[in-house]
Amino acid sequence: QKEVEQNSGPLSVPEGAIASLNCTYSDRGSQSFFWYRQYSGKSPELIMSIYSNGDKEDGRFTAQLNKASQYVSLLIRDSQPSDSATYLCAVREGAQKLVFGQGTRLTINP
Amino acid sequence: DTEVTQTPKHLVMGMTNKKSLKCEQHMGHRAMYWYKQKAKKPPELMFVYSYEKLSINESVPSRFSPECPNSSLLNLHLHALQPEDSALYLCASSQEGLAGETQYFGPGTRLLVL
């Protein structure tokens, strides 16, 4: 199985700062990448998908993909306490399977 | 609307019981998924149905039996489970089960096996 690596954290960021979450993957042929947010006791919720090299912005969230270096990152600007959650990086394997990283636990401190 | 619903929200069962988990989506999606998630771990894929046919079984023990009665419904039948099967069971769906599609997750069923 292909591997997806994330720093498990916890990552602690002050409110209003930029939170930076990183993910590396082993399969150079991977084409589809996803960031999910999961609050404690809840199910994963899609934050962003990215397929092309470069940046993709959606509100306070920016996903960055670098296929040559095999990493994908998520930046959260103006971090809020409500952003405190576990962030899961997922990479498509084959047509239907998502391979998840272990998740990074993010805490935003007021 | 990207809603996937799951029932029940919580389930407690003994090791000799038979129970079923239900998942429903009305987004017209043709691929549906079952995942299992243990505490502080990522979701692990169990089964994939594509166009109502089982397309992936990740070597799941036979005490878990999936069923897809129609394109909107997905069931997971449980029988003779073990305490280590206690977990959050997540259902997801995507448009056609093709590469690049987003999978949308339901709220999950939290299962406790005694």
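About the cut-offs
Residues numbered from 1 in each chain as written. Chains lettered and ligands numbered in written order. Predicted model: local features only at pLDDT ≥ 70, side-chain atom pairs only at ≥ 80, totals over all residues. Heavy atoms only, no water. Helix = DSSP H or I, 4+ residues; strand = E, 2+ residues; numbered from the N terminus. Buried < 20%, exposed > 50% of the residue type's maximum accessible area, 1.4 Å probe, protein only. Contact = heavy atoms within 4.5 Å. Polar contact = N/O pair within 3.5 Å; in protein donor to acceptor, adjacent residues only side chain to side chain. Buried area = accessible area lost by both parts, 1.4 Å probe. Salt bridge = Lys/Arg side-chain N within 4 Å of Asp/Glu carboxyl O. Nonpolar A, V, L, I, M, F, W, Y, C, P; charged D, E, K, R; others polar. Disulfide = S-S within 2.5 Å. pLDDT = per-residue confidence, 0-100.

**Remarks on the environment of T62 of chain A**
Residues and elements named next belong to chain A. Looking at the secondary structure, you find T62 in strand β7 (residues 61-66). T62 sits in the buried class, given a relative accessible area of 6%. Between the alpha carbons of T62 and S8 there is a distance of 20 Å; along the sequence they are 54 residues apart. Here T62 is in contact with M48, D55, K56, E57, S73, L74, L75 and R77, once residues within four sequence places are set aside. Polar contacts involving the side chain of T62 include one to the side chain of R77, which spans 2.7 Å.

**Quick look at the interface of chain B and chain A**
One widely used convention gives an interface's size as the accessible area the parts lose upon coming together. At the interface, 25 residues of chain B touch 21 residues of chain A. Taking both sides of the interface into account, the surface hidden between chain B and chain A amounts to around 1,700 Å²; carbon and sulfur atoms contribute 50%. When the area that chain B buries against chain A is broken down by residue, the three leading residues are P42, G100 and F105 of chain B, summing to 25%. For the salt bridge of E58 of chain B with K97 of chain A, the shortest nitrogen-to-oxygen distance reads 2.7 Å. Applying the counting criterion to the chain B and chain A interface returns 8 residue pairs in polar contact (both at pLDDT 80 or more). Counting residues per element, the ones that place at least two in the side of chain B that touches chain A are β4 (31-37), β5 (44-50), β6 (53-57) and β9 (87-94) of chain B. Here the side of chain B that touches chain A is composed, by residue class, of 13 nonpolar, 8 polar and 4 charged.

**With respect to the state of the cysteines**
Taken as a whole, this structure holds 2 disulfides over all chains when the rule is applied. Residue C23 of chain A pairs covalently with C89 of chain A via a disulfide, S to S 2.1 Å. Handedness here is read from the sign of the S-S torsion; for C23 of chain A and C89 of chain A, about -70°, the answer is left-handed. Linking C23 of chain A in strand β3 (residues 19-25) with C89 of chain A in strand β9 (residues 85-93), this pair joins segments that are 66 residues apart in sequence. Shown here is the disulfide that connects C23 of chain B with C91 of chain B, its sulfur atoms set 1.9 Å apart. Across the S-S bond of C23 of chain B and C91 of chain B the torsion is about -70°, and the bridge reads as left-handed. Taken together, the positions of C23 of chain B in strand β3 (residues 18-25) and C91 of chain B in strand β9 put the pair 68 residues apart, joining distant regions of the chain. Among the residues examined, C91 of chain B registers a relative accessible area of 0% and is labelled buried. The thiol of C68 of chain B is unpaired, and the distance to the nearest cysteine sulfur, on C23 of chain B, comes to 9.3 Å.

**Digging into the confidence of the model for chain A**
The pLDDT averaged across chain A works out to 94; a share of 99% of its residues lies at or above 70. The secondary structure element of chain A with the lowest average pLDDT is strand β10 (residues 97-100) of chain A, at 91, and the one with the highest is β7 of chain A, at 98.

**Some remarks on the pattern of salt bridges**
Once their charged atoms are close, side chains differing in charge can pair, the charge on each being opposite to the other. All names here are of chain B. Counted under the stated rule, the structure contains 7 salt bridges over all chains. A salt bridge links R30 to E52; its shortest N-O distance comes to 3.3 Å. Of this pair, R30 sits in the loop between β3 and β4 while E52 sits in the loop between β5 and β6, placing them 22 residues apart in sequence. With a relative accessible area of 29%, R30 lands in the partly exposed category. By relative accessible area, which is 34% here, E52 ends up partly exposed. For K36, the salt bridge is made with D85, and the minimal N-O distance between the two is 3.9 Å. With a gap of 49 residues between them, K36 in strand β4 and D85 in the loop between β8 (73-79) and β9 connect regions that are remote in the sequence. Here K36 matches D85 in class, with each residue buried.

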